[in-house]
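Chain residues, written in single-letter form:
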Amino acid sequence: MKRLIYIMAVVSLLIFTHYGLGLFSGGLAVSPSPSQNSLDCKFESPAENVMPFEFRLPPSECRLVKYYGSNVITITVDYPSMEIVKPHRRVNDSSKDSSVVFWIVRIDMGGYRENETIAWLSPISNREGIEVYSENGGFKKFTARDGRSVFFHSVLDVVSVRRIFDCRFLVKYKYSKRFTDVKQMDEFALGLLEKITIK
């Protein structure tokens, strides 16, 4: 069952990445659960065996988080203010402004290999701590402040990044190629994840 849930989460992540939120605009989103705490932002799936997501966000920002009942949750964030903003209808629209789109996937680290992508590869160069595995916007990696491997590459007008957070979540995020310092952008991402205290 855990493997099936994980597969569903990965498929959902791929769909969100390619089509964005516009594909799911037909009212399938799950609303946040009621809470007496003004900073509690909790989403519970109607499906069995899917753990809820909990954040520390005010109601005005909690309402902008998108969740469809799987192990994936989507958050669009303004850079550098860290304010949660209204999501785009299509993901690549983030290339037109300063927003960063996050997909957060709950995973079982026991069955996840963080560096499997490069297990049989050697970097062709190392530039300021960034390992380059292919040129011209291709696959690259560096080690972040929290000791995790961060993988990134360019897709059209955006940079696509993935990393592990807190040994519980696979986080993928995208932002405009106008922002060229990928380490600074990952500091922003890590700061956001620590600030909203995901559970």
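Fair warning: this is a prediction, and the values are worked out from it, not measured in the lab.

> Could you clarify how one ought to interpret unusual backbone geometry in this entry?
Leaving glycine out, the prevailing phi sign among residues is negative, and the prevailing peptide bond configuration is trans. Cis geometry marks the peptide bond from tyrosine 79 to proline 80; its omega dihedral reads 5°. Here proline 80 is to be found in the loop between strand E4 (72–78) and strand E5 (99–106). Even without a glycine there, the phi angle at leucine 156 is positive, about 55°. Turning to its location among the elements, leucine 156 is positioned in the loop between strand E9 (149–155) and strand E10 (158–165). In this structure leucine 156 comes out as exposed when scored by relative accessible area, which is 65%. Even without a glycine there, the phi angle at aspartate 166 is positive, about 60°. With respect to the helices, strands and loops of the structure, aspartate 166 is situated in the loop between E10 and strand E11 (169–176). Residue class for aspartate 166 comes out partly exposed when judged on its relative accessible area of 41%.

> Before we go on, may I ask you to explain the packing of aromatic side chains in this structure?
Enumeration over the complete set of coordinates arrives at 11 aromatic pairs. Taking 5.9 Å as the distance between ring centres and 65° as the angle between the ring planes, the aromatic pair formed by phenylalanine 43 and tyrosine 67 counts as edge-to-face. Remark: tyrosine 67 occurs in strand E3 (residues 66–67) and phenylalanine 43 occurs in strand E1 (residues 40–43); sequence separation between them is 24 residues. The two residues phenylalanine 43 and tyrosine 67 agree in class, both being buried.

> It is not clear to me how the sheet that holds E11 should be interpreted in this structure. Could you clarify?
Strand order in this open sheet of 9 strands is E3-E4-E5-E11-E10-E9-E8-E7-E6, and the pairing throughout is antiparallel. A single partner strand is all that each edge strand has here, and the edge strands are E3 and strand E6 (125–127). Examined bridge by bridge, E4 and E5 share 7 bridges and lie antiparallel to one another. Bridging from a neighbouring strand, threonine 76 pairs with valine 101 of E5.

The rules behind each value
- Residues numbered from 1 in each chain as written.
- Predicted model: local features only at pLDDT ≥ 70, side-chain atom pairs only at ≥ 80, totals over all residues.
- Heavy atoms only, no water.
- Helix = DSSP H or I, 4+ residues; strand = E, 2+ residues; numbered from the N terminus.
- Buried < 20%, exposed > 50% of the residue type's maximum accessible area, 1.4 Å probe, protein only.
- Phe/Tyr/Trp six-rings, centres within 6.5 Å; stacked < 30°, edge-to-face > 60°.
- Pairing = 2+ DSSP bridges.

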